[in-house]
Amino acid sequence: MAQQASRRDFLRSVGIAGGAGVMYSAMGALGLAPVPDVRAEEYRAPQRGDFALTGRSGKKVLILGGGIAGLATAYELGKAGYDCRILEAKDRPGGRNWTVRGGTTLTDLDGRTQTASFSKGQYMNAGPARLPQSHVTLEYCRELGVPLEVFTNQNANAYIYHENSAALAGEAIRWRTAKADVYGYVSELLAKATDRGALDKELTADDKERLIAFLRNFGAIKGKADGYAYAGTDRRGYSAEPGAAFEEGTVLGPVPSMADVIASGVGQRFSFELGYDQAMLMFQPVGGMDAIPYALAKAIGQDRITYGAKALEVNDLQDGAEVTYEDAQGRTRTQRADFVVAAVPPMIMARLRHNLGADITAALKYAVPTPVGKIGLEYRSRWWETDEHIYGGITPTDMDLATIWYPSYGYQGRRGTLIGYYNFGANAIAYSDLPHAERLERAVSRGVKIHGDKYRTELDKSFSVAWHRTPHIEAGWVGWPSQTGPEYALLNKPAGHVYFAGDWLSHVIAWQHGAFTSARKVVTDIHERVMAA
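The rules behind each value
Residues numbered from 1 in each chain as written. Predicted model: local features only at pLDDT ≥ 70, side-chain atom pairs only at ≥ 80, totals over all residues. Heavy atoms only, no water. UniProt positions renumbered as here; feature names shortened; annotations may be inferred. Helix = DSSP H or I, 4+ residues; strand = E, 2+ residues; numbered from the N terminus. Buried < 20%, exposed > 50% of the residue type's maximum accessible area, 1.4 Å probe, protein only. Contact = heavy atoms within 4.5 Å. Domains from an automatic or database assignment. Buried area = accessible area lost by both parts, 1.4 Å probe. Salt bridge = Lys/Arg side-chain N within 4 Å of Asp/Glu carboxyl O. Polar contact = N/O pair within 3.5 Å; in protein donor to acceptor, adjacent residues only side chain to side chain. Nonpolar A, V, L, I, M, F, W, Y, C, P; charged D, E, K, R; others polar. Axes fitted to C-alpha atoms, helices over the stretch in contact; angles between N-to-C directions. Parallel < 35°, antiparallel > 145°, perpendicular 65-115°, else oblique. Left-handed = near helix turned anticlockwise from the far one by under 90°. Pairing = 2+ DSSP bridges. Patch = residues over 30% accessible without salt bridge, like charges linked within 9 Å, V, L, I, M, F, W, Y side chains within 5 Å. Areas by Shrake-Rupley, 256 points an atom, 1.4 Å probe, with all protein chains shown as cover. Expected span 1.5 Å × (residues − 1). Phe/Tyr/Trp six-rings, centres within 6.5 Å; stacked < 30°, edge-to-face > 60°. Lys NZ or Arg CZ within 6 Å of the ring centre and 35° of its normal. Core = buried A, V, L, I, M, F, W, Y, C linked by side-chain atoms within 4.5 Å.

- The chain carries the name Flavin-dependent L-tryptophan oxidase RebO in an unreviewed UniProt entry, which gives Streptomyces jeddahensis as its organism.
- In its Cofactor (unreviewed entry) section, the UniProt record describing the chain reads: "FAD".
- Taken from UniProt, the Subcellular location (unreviewed entry) comment for the chain reads in full: "Cytoplasm".

1. Here we look at the overall build of the chain
Logical step 1: Secondary structure summary: the chain contains 15 helices and 27 strands in total.
Logical step 2: With the principal axes as the frame, the chain shows a C-alpha extent of 85 × 75 × 45 Å.
Logical step 3: Residues classed as buried in the chain amount to 50% of the 533 residues present.
Logical step 4: Contacts in the chain between residues at least 24 apart in sequence constitute 68% of all its contacts with a sequence separation of at least 6.

2. Side note on the domain arrangement of the chain
Logical step 1: Under the domain assignment, the chain is made up of domain 1 (48–94 + 310–361 + 484–532), domain 2 (99–158 + 279–288 + 372–469) and domain 3 (169–265).
Logical step 2: Each side of the interface is counted separately: domain 2 has 9 residues, and domain 3 has 6 residues.
Logical step 3: Here domain 2 and domain 3 share an interface that buries about 620 Å² over both sides, 47% of which is from carbon and sulfur atoms.
Logical step 4: When the buried area of domain 2 at its contact with domain 3 is split by residue, Q154, A156 and N157 rank highest and sum to 52% of it.
Logical step 5: Counting every contact that joins domain 2 to domain 3 gives 0 salt bridges.
Logical step 6: Linking domain 2 with domain 3 are 5 residue pairs in polar contact (both at pLDDT 80 or more), by the criterion used here.
Logical step 7: For the side of domain 2 that touches domain 3, a count of residues per class yields 5 nonpolar, 3 polar and 1 charged.

3. What to know about the packing of helix α4 (residues 175–195) against helix α5 (residues 205–219)
Logical step 1: Direction vectors running N to C along α4 and α5 enclose 160°, while the axes themselves pass 9 Å from each other. Taken together, the axis directions place α4 and α5 in an arrangement best described as roughly antiparallel. Here α4 runs over α5; the crossing is left-handed. Contact residues: α4 offers Y183, G184, S187, L190, A191, T194 and D195, while α5 offers K208, L211, I212, L215, F218 and G219.
Logical step 2: The residue makeup of the contact of α4 with α5, split by class, is 7 nonpolar, 4 polar and 2 charged.

4. Observations concerning the packing of helix α11 (residues 425–432) against helix α12 (residues 436–451)
For any two helices packed against each other, the geometry is given by the interaxial angle and the distance between the axes.
Logical step 1: α12 packs onto α11 with a crossing angle of 125° between their chain directions and a minimal axis gap of 9 Å. The orientation of α11 with respect to α12, classified from their angle, is oblique. Across the interface between the two elements, A430, Y431 and S432 from α11 touch R439, R442, A443 and R446 from α12.
Logical step 2: Considering only residue class, the contact of α11 with α12 consists of 3 nonpolar, 1 polar and 3 charged.

5. Topic: the sheet that holds strand β16 (residues 320–326)
Logical step 1: Read from one edge of the open sheet, 4 strands run β17-β16-β15-β19, paired in mixed fashion. The sheet is open, and its two edges are formed by β17 (332–337) and β19 (353–354), each paired on a single side.
Logical step 2: As defined by bridge partners, strand β15 (residues 310–317) adjoins β19 across 2 bridges and the pair is classed as parallel. In the strand pairing of β19, V314 is matched with H354.

6. Focus: the side chain of T137
Logical step 1: Within the secondary structure, T137 sits in helix α3 (residues 137–144).
Logical step 2: T137 sits in the buried class, given a relative accessible area of 0%.
Logical step 3: In this view, T137 contacts L131, I292, Q512, H513 and F516; residues no more than four positions away in its chain are not counted.

7. Notes on the pattern of salt bridges
Logical step 1: This model, assessed by the stated rule, comprises 34 salt bridges.
Logical step 2: For D110, the salt bridge identified is with R112, shortest N-O distance 2.9 Å.
Logical step 3: Overall, the relative accessible area of 23% leaves R112 in the partly exposed class.
Logical step 4: A salt bridge links E273 to K179, with the shortest nitrogen-to-oxygen separation between them at 2.8 Å. Residue E273 is found in the loop between α6 (258–264) and β13 (282–285), and its partner K179 is found in helix α4; the two are separated by 94 residues along the sequence.
Logical step 5: With relative accessibility at 19%, the residue E273 sits in the buried group.
Logical step 6: The class for K179 is buried, based on a relative accessible area of 18%.

8. So, a nonpolar patch on the surface
Logical step 1: There is a patch of nonpolar side chains on the surface, built from V150, M280 and L281 and spanning about 210 Å² of accessible area.
Logical step 2: The topology assignment puts M280 in the loop between α6 and β13.

9. With respect to α4
Logical step 1: Over its 21 residues, α4 extends 30 Å from the first C-alpha to the last, a length consistent with the 30 Å expected when each residue adds 1.5 Å.
Logical step 2: Remark: G197 follows α4 within two positions and exhibits a positive phi of approximately 90°.

10. Looking at the packing of aromatic side chains
Logical step 1: Scanning the model with the defined rule gives 26 aromatic pairs in all.
Logical step 2: Ring geometry for Y379 and Y455: centres 5.7 Å apart, planes at 55°, overall tilted. Placement of the pair is Y379 in strand β21 (residues 372–379) and Y455 in helix α13 (residues 454–457), with a sequence separation of 76 residues.
Logical step 3: The class of Y379 is buried, set by a relative accessible area of 0%.
Logical step 4: An aromatic cluster is present here, built from F151, W405, Y422, F424 and W477 joined pairwise through their rings.
Logical step 5: The ring of Y422 carries K374 above its face, with NZ or CZ at 4.7 Å from the centroid.
Logical step 6: Against the face of Y431 rests R442, its NZ or CZ located 4.8 Å from the ring centre.

11. Section: the nonpolar core
Logical step 1: Formed by 41 residues in total, the largest nonpolar core has its most connected members in V61, Y82, I292, L296, V341, F516 and I526.
Logical step 2: For this core, the secondary-structure elements that each account for two or more residues are β1 (60–64), α2 (68–78), β2 (83–88), α3, α7 (291–300), β18 (339–342) and α15 (512–532).
Logical step 3: When we break this core down by domain, the ones giving at least three residues each are domain 1 (48–94 + 310–361 + 484–532) and domain 2 (99–158 + 279–288 + 372–469).
Logical step 4: With sequence-adjacent residues up to four places away left out, I526 is seen in contact with L77, Y82, F339, V341 and Y499.
Logical step 5: V344, M349, I360 and W504 belong to the second largest nonpolar core, which has 32 residues in total.

What follows is the structure in structure tokens.
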């Protein structure tokens, strides 16, 4: 009764202070009233019918950049009949969505060139490589007919490898083993604390009983008579697998001490799989991530994309905007349009000549480029599957290679290509400073510590990418010191007839979802402006 009275008093106070609407929301939070499902307004693509009864028609739009944001802008505006043209500096669509196959050539900004020699059917996604279920990218895959397959982002058979930890350093520990030990010991500690009354102020007697029951199950710990001790179970894995007849299997052991497990730091890795954008299941296009930009380019019309077009200048005009660029033959050309959408990295846009104002240049320079590197390693055999039973997934490390990714395609095939490093910041710069052969040697020397000599002896081909040294890209992504300041706000508005789009103008930076949603925003802004004119 006292609890009900205090709840009534609380709601009465809320109602007096905030009115009926606020009180109703508070009741919903307490489970006393239904709460409406509030969602963001659904995106509505422009349609040709929007112009039918108004006498208006689609305008001409010139788009700088044939990455995901630029392609999506042209694709969506094209649905309503806008005349969209894309100027792309590279010889392919996709921008950072880039799949490297045999024959792919890259010349870094420092002039060093490499050509991939991957075998037929082998590839590496040099940029984006995984698709969360919640991302709008999957909607475009469905709409464009891009087939998908599962990308194994987290695998219990992958490893965690720390060589600089206070304990268990230099040991390749299976993800499942590390998780069993961390969860076991944490459960032991919490069960003991609960049983000894440490949580009496927070929990009733029934709550304590339920919590201990949960912990015994969650951590596979013993009962009260055994002090809720964690001693390891088959969750850790087996050194000898169970089999036929009398082969009951041998549970992996011995179990490290609680102090060693804590000091090893392996538990810090598990938050990765809890990340909203990282949780399984995840997906990838069959045959390579670039299936998405190529499908977009086909839907837009290849004749509407000019490759090898390097933008030089952008000017806002009284009745539109114009772009001056150098074409693939080295000739300088100028095109005019009703609107221009700049869907290129901000630091590159900042270097172009323009009349958009010094504040625009400053805002573009405010974004901070992030160095990112990757290397693809093709092996003559899929030893990680045959010898170590790893089918996809990622091994995190505290070494400068950061992570090793095992391929989520071609299972049980003859060959396979894994990602030998995917690193950022100072580590990415350190690798990119090296010639390609030395990048490879450095990556392999680290991988041998985890997988042994076969990591070197079975290696056949490689290709490395330093995004911050890649022409017309110059970063894996950018970050903002603040997305609540005037710089970010300024670039989310048009500068006259010039708009900006890209994942960097979203809160999902470094994901294609951010590029798609930014493009949708710009498409909506342009279409509403045209319809209101």
